[in-house]
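Residue-level structure breakdown
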Amino acid sequence: MSAVAGTHAQDHHHGPARGISRWLLTTNHKDIGSMYLIFSFTMFLLGGTMAMVIRAELFQPGLQIVQPEFFNQMTTMHGLIMVFGAVMPAFVGLANWMVPLMIGAPDMALPRMNNWSFWLLPCAFLILVSTLFMEGGAPNFGWTFYAPLSTTYGPPSTTFFIFAIHIMGVSSIMGAINVIATVLNMRAPGMTLMKMPMFVWTWLITAFLLIAVMPVLAGVVTMMLMDINFGTSFFNAAGGGDPVLFQHVFWFFGHPEVYIMILPAFGAISHIIPAFSRKKLFGYASMVYAVGAIALLSFLVWAHHMFTVGVPVAGQLFFMYATLLIAVPTGVKVFNWVATMFRGSLTFEAPMLFAIAFVILFTIGGFSGLMLAIAPADFQYHDTYFVVAHFHYVLVPGAIFGIFASAYFWLPKWTGHMYDETLAKTHFWLSFVGMNLAFFPMHFLGLAGMPRRIPDYALQFADFNMVSSVGAFMFGATQLLFLLIVVKCVKGGEKAAAKPWDGAEGLEWTLPSPAPYHTFSTPPEVK
Amino acid sequence: MAEQQASKPTPQRSNTRVIGWCVASVIGMFAFGFAMVPLYDVFCDITGINGKTSGRYESTERTAADMTRTIKVQFLAQNGPGMPWVFRPVERSVEVHPGEATTVNFYAENPTDKDMVGQAVPSLSPSEGTLYFHKTECFCFNQQPLSAGENTHMPLVFIVDQDLPSHITKLTLSYTLYDQGEPQAAVTSTTNTTIIDNG
C-alpha cells in the first residue's frame, strides 16, 4: 500500500483544478463519478416528489389534489426520471468511481468522452422536465409510451421528450463504451477476466446490454418522431403501419433494460455480502456465468410484456418458458449469496443490512415476476397494481437498495470518513418498513383488480391504498435522512482506515482513504 | 479470453479498436431496430398472426369445394378516427363451404361536400384462421376515391381454404376505413390528416 501511495508524490500536476471549471472540464473518473451520483440523487428526489403526488392523490378514492391529466403526467415522468435519471446514472457513477479502482487503472480509458457523457445528462433532463411547463403539459402516456397514445394522441411536448430520450441514449452508450474499453484494456497486469471483481464483471455485461439495446430505443423514438412530424406510418394502421409493432420494438429494448438496472446491483451485493460475512464469495465462476446467462436470455423474453395483445399460443408458450428459465441463473445467484452467508462470521452494518434486504426482497419481486410470466394467469394481472408491485419490488429493494448498500460500503473510501452508523441503520429500517408498507399491499390491490395509472378507484380498494400511501410518504421522507448522512460524512466524522471493513477484499482497499485524486499511476501487480 | 492478455497492443490502439467495434454495434443495432419493421411484416405474413390477411391470392390447383363443412363468415365495418363516410357490409354474414369462391359487397358513401379518398385495412379473427382466408379480389388492395355525395358498392371475393383447422367454424373479417385526404394529395401523404385531426 505504501508503494502505491509513494507513486503519487512524483506526480507534478496532481490535485483538482479550482472553481466551477473543475467540474465542467474534469476528466477525472472520481469527479465524474461523484457528479453522476449527485445528479442521480437529485433526480431520485425529483422523481420521488412525483411519486408523492401520485400517492397523495391515491390516499383516498375520488379526485382530491390533481386532475387526471396531471396525474398521468406524474406517473409518466416519475417512471422516466427514475429509470433514466436516477437508477441508470447512479450505476454509471458507481462504475466511474469503482471500476478503475477495482482493476488497478489510473482512470477510465476515454476520459474526455466520460466528461461529455455526463454533461449530456443534465441537458437531457432539463429538456424532459421543461415539458411540464409547456402548453399541453408533459408526456402523459406512461413511461412505456405506447403508440398510438404517444404518436396520434400525444401532447405537443412529445417531440421534446423524444429529443431528451435521444440525448440520454447517447450518454448511456458513451458511458457503456467507456466501461468496455476500460475493462478490456486497462486491467492491472495479472488480472485475467476470471479474476475480475464481480462488480466489474456485471458492469462489463451491462455495458454490452446497453450497446445492444439503447440504439433500438433510439430507433423506436425516431420512428415516433417521423410518424408525428414527417407523415410516415410506422405505427399508424391508416397508412399500413401497426401499433403492435411499437410494443415489439419497445420491449426488445425494454426487457434487457430491466437487467441493465439490476445487474450492477448484483455485482455490488457480491462484494458486500462476502465482506460482512468474512468469507469469500461462494461460487465466483457460477456467478459470472449466471450473469452472462441472464443477459443472453433477456433478449428472448420481450413478448411476455404483451401476452394480452394477442400472441399465438406457440408464441405464448415460448415466451413463457424462456421467461421462467431466467429464474434458474437468478436462483443460482441467490443461492450463492445465501451460501456465502452460511456459517460466515456476520456483522450487520448498514451496507450489510441493505444487502440482506436486497436478497430477500428482490427474491419476492422475482417470484411475482414468475407469476406474471405464466401466460394464462397474466391475463388477470396485466396492467393491474400487481405489475406495479412486482416491478417496484425488483427496482426499489433491488436496484435502489443495491445503490444504498454500495454507497454506504464505499463512502469511507470516497470521503475518508466513516458515516454515522446509527443514522444509517435508522435510514435502513425506515426505508425497509416504508417500502414494504408502500408496495406490499399493491399485490392485493392488483389481484383484486385495481388497474394501474388511474387517479381514482373503487371504494373497496380504499384501505390498502391508504396503507400504501402512508408507507410511500415514510419511504420518501426517509431519503432526506440519507442526504443528511452523506453530507455529514463528506464534511467530517471518524477517520476511515484504508480498509474500514475487515472482511473486504479488492484493490480499492489497498489505497488510502479518501482515495487520492490520482490513483494507480503505476499499475499494481495482481497475483 | 486469455489471448486478450497475451498479445496486448498499445492502449491507444486497442482503445481505438474497442471504440470501433462498439460504434459499429451501435449503428448495427440502430439499423436492426428499423429492420424489425419489414421483418415484422414478413413474419406476420408467414404466420398469419395479428389478423393481418395477406395480399391478392392466386388460385392454385385445388378448386373442388368441401361441401361437408360450412363456415360462417361475419363482416364488420367501422370508420377510423375522423372518417365521415357511411361504410357497412351489404351482408352481415354469409355461410360458405371451404374451397368455393364467394363474392360479397360493402357499401360506402361520401356524404360530405368534398372529394375524398378512403383506405380500408382488414383484420381477421381468430388470427389462427388468417392463413386460410384468401382474397382473390378486394377493395382493400387499392385506395377508394369517392367524390362528394357519391356512393358505391365495393366487392370482395374470397375463398376459405380447405385446410382450415376443423375446430374453426366461424371467421370474422373486420374492415376499418381510414380517411386518406383529398384525391391528388392521397398518394404522397397518406397519414397527415388523421394525425392533425387528433393531435
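About the thresholds
- Residues numbered from 1 in each chain as written.
- Chains lettered and ligands numbered in written order.
- Predicted model: local features only at pLDDT ≥ 70, side-chain atom pairs only at ≥ 80, totals over all residues.
- Helix = DSSP H or I, 4+ residues; strand = E, 2+ residues; numbered from the N terminus.
- Rg over C-alpha atoms; globule rule 2.2 N^0.38 Å.
- Buried ≥ 20, exposed ≤ 12 C-beta atoms within 10 Å, placed from the backbone.
- Contact = placed C-beta atoms within 7 Å.
- Expected span 1.5 Å × (residues − 1).
- Pairing = 2+ DSSP bridges.
- Core = buried A, V, L, I, M, F, W, Y, C linked by C-beta atoms within 7 Å.

1. Quick look at the overall build of chain A
A count of helical and extended segments in chain A gives 16 helices and zero strands. Here the C-alpha atoms of chain A give a radius of gyration of 23 Å, agreeing with the 24 Å that 2.2 N^0.38 yields for 527 residues. Taking the principal axes of the C-alpha coordinates as reference, chain A spans close to 70 × 50 × 45 Å. The buried share of chain A, reckoned over its 527 residues, is 55%. Sequence separation of 24 or more characterises 83% of the internal contacts of chain A that already satisfy a separation of 6 or more.

2. Observations concerning helix α16 (residues 462–491) of chain A
All names here are of chain A. Spanning 30 residues, α16 covers 45 Å between terminal C-alpha atoms, matching the ideal 44 Å at 1.5 Å per step. For α16, the complete set of buried residues consists of N465, S468, S469, G471, A472, F475, F482, I485, V486 and C489. Elements in contact with the buried residues of α16: α3 (29–57), α14 (385–415) and α15 (421–447). Where α16 ends, the next residue or the one after it, G493, has phi of about 125 degrees, a positive value.

3. Overview of the pairing of strand β8 (residues 151–160) of chain B
Residues and elements named next belong to chain B. Judged from the nine bridges that link them, strand β4 (residues 101–109) and β8 form a sheet pairing that is antiparallel. Bridging from a neighbouring strand, T103 pairs with V157 of β8. Where strand β6 (residues 133–138) and β8 come together, five bridges link them in antiparallel fashion. Within β8, the position partnered with C138 by the bridge is L156.

4. Considerations on the nonpolar core
Soluble, globular proteins show a tendency: their nonpolar side chains are buried together. Of all hydrophobic cores here, the largest spans 180 residues; its most connected members are F354 and A405 of chain A. Discounting chain neighbours no more than four positions away, the residues touching F354 of chain A are F401, F404, A405, Y408 and F428 of chain A. Judged by nonpolar contacts, the second largest core, of 32 residues, contains A238 of chain A together with W85, A108 and C138 of chain B.

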